[in-house]
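Given next are the chains, with one letter for each unit.
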Number of protein chains: 2
Amino acid sequence: MSQATRVPQEQRTRAMRARLLDATVELLVERGFAGTSTTLVSQRAGVSRGAQLHHFPAKNDLVVAAVEHITEARGQALKEAARTLPDGGRRTRQVLAMLADHVTSPVFTAALELWVAARTDEQLGAAVGPLEQHIGRELHRLTVELLGVDERKPGVRELVQATLDMVRGLGLADTISDDAARRERILDRWAEVLERELS
Amino acid sequence: MSQATRVPQEQRTRAMRARLLDATVELLVERGFAGTSTTLVSQRAGVSRGAQLHHFPAKNDLVVAAVEHITEARGQALKEAARTLPDGGRRTRQVLAMLADHVTSPVFTAALELWVAARTDEQLGAAVGPLEQHIGRELHRLTVELLGVDERKPGVRELVQATLDMVRGLGLADTISDDAARRERILDRWAEVLERELS
């Protein structure tokens, strides 16, 4: 096979996988884990059942790959947004705003569906556990970098972890009802505390 | 009907409802929302299908009543535990320990299953929304009381809310993997911060 024909084929395969994964995320957000079927995914993605099953033999393969895929995309988006953060006093609040955007996005909602399903599905849990650890570590590392803090100082690491747990709690609250006004006030207050404690 | 025969009948009915609700919570924790069926509930509770359907015509009635039932029981347990809390320096940390016990208990796990299911089930959402608001308000009120703080002071309310969101985030993390050691360190650190900020 010539280089010219192989490359378009690889591109088509990559585009098809991306369509399947995007459709999976959309369905997780719209219908939840229980309401997401491989049949619905292939329909929405416009991909034949055979091609879908070739790439992702089972629903669990598809949902785990989908959450991994959007998490990576979101990680890149977070890193790019981070470049435009202001320095000085308003920076902490802006970092919190970025984290809050993350946990109120479809990425968090899809991941939440997966986490909760994985709790009672051993096979899914075996795949989601390591993925969740990886996501958690990456978000922690990025937050430390954005806040510009030194984790070797006593208590800094725990305060960053508390921040991420607080933000995840806000994400959970937002899935039940629109929580934007309350969230803004909490983040304002948390930014004050963080700046005092971390300076 | 005489008083003597009516009272035992009422007691039997109340006991049967309690068995149905306890079985529902157990199944939500063990098998998740999707894996909980009314058939399984009546089997586990040792209650006939007819009697079960009389009290709770549909699965959604059962799961909402179950989460309401255990939340009330848990609220009572929290209030009783609160009576033995120490005064002074260690009190804040003990209040956080109580809240952490709450969000790592089956009550939180069952509620989480319900919240996530309600996100994509309009009928369930209509019942869970008000229940969740009620639970949130009660836990907030109890936390303010236990910490002995004055919400009229600026920033106090937001700090209590942030604490509860952080604790809910810890509860979510604990459903994925055993998170006890990390949680203790975060709560130690947050108790220090809270005492400084609230004093």
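All chains use their own residue numbering, which begins from 1 and follows the written sequence. Whichever chain is written first is A, and whichever ligand is written first is 1; the rest continue in order. This being a predicted model, a pLDDT of at least 70 is required before a residue's local features are given, and a value of 80 or more before pairs of side-chain atoms are given or counted; all residues contribute to the totals for chains, interfaces and linings. Remark: hydrogens and water are excluded; side-chain values derive from all non-hydrogen atoms of the structure.

Peer 1: Any chance you could explain the relation of the copies chain B and chain A here in plain terms?
Peer 2: Taken together, a rotation about one axis and a shift along it account for how the two chain copies relate. A least-squares fit on C-alpha atoms brings the copies together, and the residues used are those whose pLDDT is at least 70 in both copies. If you rotate chain B by 180° and push it 0.0 Å along the axis, it lands on chain A with an RMSD of 0.1 Å. What the rotation and shift describe, once combined, is the action of a two-fold rotation axis. Residue Met 166 of chain B of chain B places its C-alpha closer to the rotation axis than any other residue of that unit, at 1.7 Å. Contacts are assigned to residue pairs that have any heavy atoms within 4.5 Å of one another. Interface overlap between copies is the fraction of interface residues in one copy that are interface residues in the other; for chain B against chain A it reaches 100%, indicating a shared surface.

Peer 1: What's the story with the interface of chain B and chain A in this structure? I'm lost.
Peer 2: The figure often quoted for interface size is the accessible area lost as the parts come together. In this assembly, 38 residues from chain B lie in contact with 38 residues from chain A. Between chain B and chain A, roughly 3400 Å² of surface is buried when both sides are summed, and carbon and sulfur atoms account for 62% of that area. Should a side-chain nitrogen of Lys or Arg be within 4 Å of a carboxyl oxygen of Asp or Glu, the pair is scored as a salt bridge. Arg 182 of chain B is the partner of Asp 165 of chain A in a salt bridge, and the nearest nitrogen-oxygen pair spans 2.9 Å. As used in this structure description, the phrase polar contact means that two N or O atoms lie within 3.5 Å; if the pair is within protein, one of them must be able to donate a hydrogen and the other to accept it, and residues adjacent in sequence are counted only when both atoms belong to side chains. The interface formed by chain B and chain A holds 14 residue pairs in polar contact (both at pLDDT 80 or more) in total. Within the residue set of the side of chain B that touches chain A, elements represented by two or more residues are helix 1 (3-31), helix 6 (106-119), helix 8 (156-176) and helix 9 (180-198) of chain B. Buried area: the accessible area, evaluated with a 1.4 Å probe, that two parts lose upon being put together, summed over both parts. Runs of E in the DSSP output that reach at least two residues are strands. Runs of H or I that reach at least four are helices, and both are numbered from the N terminus.

Peer 1: What exactly am I supposed to notice about the packing of aromatic side chains here?
Peer 2: For any two aromatic rings, the description comes down to two numbers: the centre-to-centre distance and the angle of the planes. Stacked, tilted and edge-to-face are the three classes assigned to paired rings of Phe, Tyr and Trp, where Trp is represented by its six-membered ring and a pair needs centres within 6.5 Å; plane angles under 30 degrees give stacked, over 60 edge-to-face, the rest tilted. Under the defined criterion, the tally for this structure stands at three aromatic pairs over all chains. Consider the rings of Phe 108 of chain A and Trp 115 of chain A, whose centres lie 5.7 Å apart with planes at 85°: the pair is edge-to-face. When the centroid spacing of 4.4 Å and the interplanar angle of 15° are considered together, the rings of Trp 190 of chain A and Trp 190 of chain B count as stacked. On the criterion of chain membership, the pair formed by Trp 190 of chain A in helix 9 (residues 180-198) and Trp 190 of chain B in helix 9 is interchain, its members lying in two chains. Working definition: with a 1.4 Å probe on protein chains only, accessible area under 20% of the residue-type maximum means buried, over 50% means exposed, and in between means partly exposed. Trp 190 of chain B gets classed as buried once you look at its relative accessible area, which sits at 1%. If you follow Lys 59 of chain A out to its NZ or CZ, it ends over the ring of Phe 33 of chain A, 4.0 Å from the centre. In this scheme, the term charge over a ring applies when either NZ of a lysine or CZ of an arginine sits within 6 Å of the ring centre and within 35 degrees of the ring normal.

Peer 1: How should the pattern of salt bridges be read in this particular structure?
Peer 2: Two side chains of opposite charge can pair, provided their charged atoms sit close to one another. Residues and elements named next belong to chain A. Considering all chains together, one arrives at 32 salt bridges over all chains under this definition. Between Arg 44 and Glu 26 there is a salt bridge, with its nearest N and O atoms 2.9 Å apart. Of this pair, Arg 44 sits in helix 2 (residues 38-45) while Glu 26 is found in helix 1 (residues 3-31), placing the two residues 18 residues apart along the sequence. In this structure, the salt-bridge partner of Glu 138 is Arg 141, at a minimum N-O distance of 3.5 Å. One end of the pair, Glu 138, and the other, Arg 141, are both in helix 7 (residues 122-147), three residues apart, so they sit about a helical turn from each other. Since its relative accessible area comes to 31%, Glu 138 is described here as partly exposed.

Peer 1: Is there a simple way to think about the environment of Gly 136 of chain A in this case?
Peer 2: Residue and element names in this part refer to chain A. The topology assignment puts Gly 136 in helix 7. Classification of Gly 136 as buried rests on a relative accessible area of 18%. Sequence separation between Gly 136 and Gln 161 is 25 residues; the distance between their C-alpha atoms is 9.6 Å.

Peer 1: Teacher, can you tell me more about the packing of helix 4 (residues 59-82) of chain B against helix 6 of chain B here?
Peer 2: Residue and element names in this part refer to chain B. Axis separation between helix 4 and helix 6 bottoms out at 10 Å; the angle between their running directions is 150°. Relative to helix 6, helix 4 is oriented roughly antiparallel. As helix 4 packs across helix 6, the resulting crossing turns out to be left-handed. Residue-level contacts link Val 63, Val 64, Val 67, Ile 70, Thr 71 and Arg 74 of helix 4 to Val 107, Ala 110, Ala 111 and Leu 114 of helix 6. All axes here are fitted lines through C-alpha atoms, helices being fitted over the stretch that makes contact, and every angle between N-to-C directions spans 0 to 180 degrees. In what follows, roughly perpendicular refers to angles from 65 to 115 degrees, roughly parallel to angles under 35, roughly antiparallel to angles over 145, and oblique to any angle outside these ranges. Crossings are classed by handedness, with left-handed meaning an anticlockwise turn of the near helix from the far one by less than a right angle and right-handed meaning a clockwise turn.

Peer 1: Sorry, what's going on with the nonpolar core here?
Peer 2: The tendency in soluble globular proteins is for nonpolar side chains to be buried as a group. Counting 128 residues, the largest nonpolar core has Leu 124, Met 166 and Trp 190 of chain A together with Leu 124, Met 166 and Trp 190 of chain B as its most contacted members. If near-sequence neighbours (up to four positions away) are discounted, Leu 124 of chain B is found in contact with Phe 33, Asn 60, Val 63, Val 64, Leu 114, Ala 117 and Ala 118 of chain B. Take the buried residues of types Ala, Val, Leu, Ile, Met, Phe, Trp, Tyr and Cys, join any two whose side-chain atoms come within 4.5 Å, and each joined set is a nonpolar core.

Peer 1: Just to check I follow, could you spell out the UniProt feature "DNA-binding region" (unreviewed entry) in chain A for this structure?
Peer 2: UniProt positions are given in the numbering used here, feature names are shortened, and annotations may be inferred rather than shown by experiment. Look at the UniProt record and you will see "DNA-binding region" (unreviewed entry) annotated at residues 37-56 of chain A. Across residues 37-56 of chain A, helical content stands at 75% and strand content at 0%; the span's end C-alpha atoms are separated by 12 Å.

Peer 1: Please clarify how the side chain of Glu 158 of chain B should be interpreted in this entry.
Peer 2: For Glu 158 of chain B, the position within the fold is in helix 8. Salt bridges are absent for the buried Glu 158 of chain B, whose nearest opposite-charge side chain, Arg 185 of chain A, sits at 4.1 Å. Two residue types count as positive, namely Lys and Arg, and two as negative, namely Asp and Glu; His and chain ends fall outside the count.

Peer 1: Help me out: how do you make sense of helix 7 of chain A in this one?
Peer 2: Residues spaced three or four apart along an α-helix face the same direction, because each turn holds 3.6 residues. Residues and elements named next belong to chain A. Each residue after the first adds 1.5 Å to the expected span of a helix. Taking 1.5 Å per residue, 26 residues should reach 38 Å; helix 7 reaches 37 Å between its end C-alpha atoms and fits that length. Across the chain, bend at a residue is computed as the angle between axes fitted to the seven residues ending at that point and the seven starting from it. Of all the bends in helix 7, the greatest reaches close to 30° and is centred on Val 128; the proline Pro 130 follows between one and four positions later. Where helix 7 begins, the side chain of Asp 121 points an oxygen toward the backbone nitrogen of Gln 123, at a separation of 3.2 Å. At the exit of helix 7 stands Gly 148, carrying a positive phi of roughly 65°.

Peer 1: Would you take a moment to explain the UniProt feature "domain: HTH tetR-type" (unreviewed entry) in chain A for this structure?
Peer 2: Per the UniProt annotation, the sites labelled "domain: HTH tetR-type" (unreviewed entry) are residues 14-74 of chain A. The annotated region residues 14-74 of chain A carries 80% helix and 0% strand content, and the separation between its end C-alpha atoms amounts to 18 Å.

Peer 1: Can you help me understand helix 5 (residues 91-103) of chain A in this one?
Peer 2: Taking 1.5 Å per residue as the helical rise, helix 5 of chain A with its 13 residues ought to reach 18 Å, and the 19 Å between its terminal C-alpha atoms agrees with that figure. Taken as a whole, helix 5 of chain A has its buried residues at Arg 91, Thr 92, Arg 93, Val 95, Leu 96, Met 98, Leu 99, Ala 100, His 102 and Val 103 of chain A.

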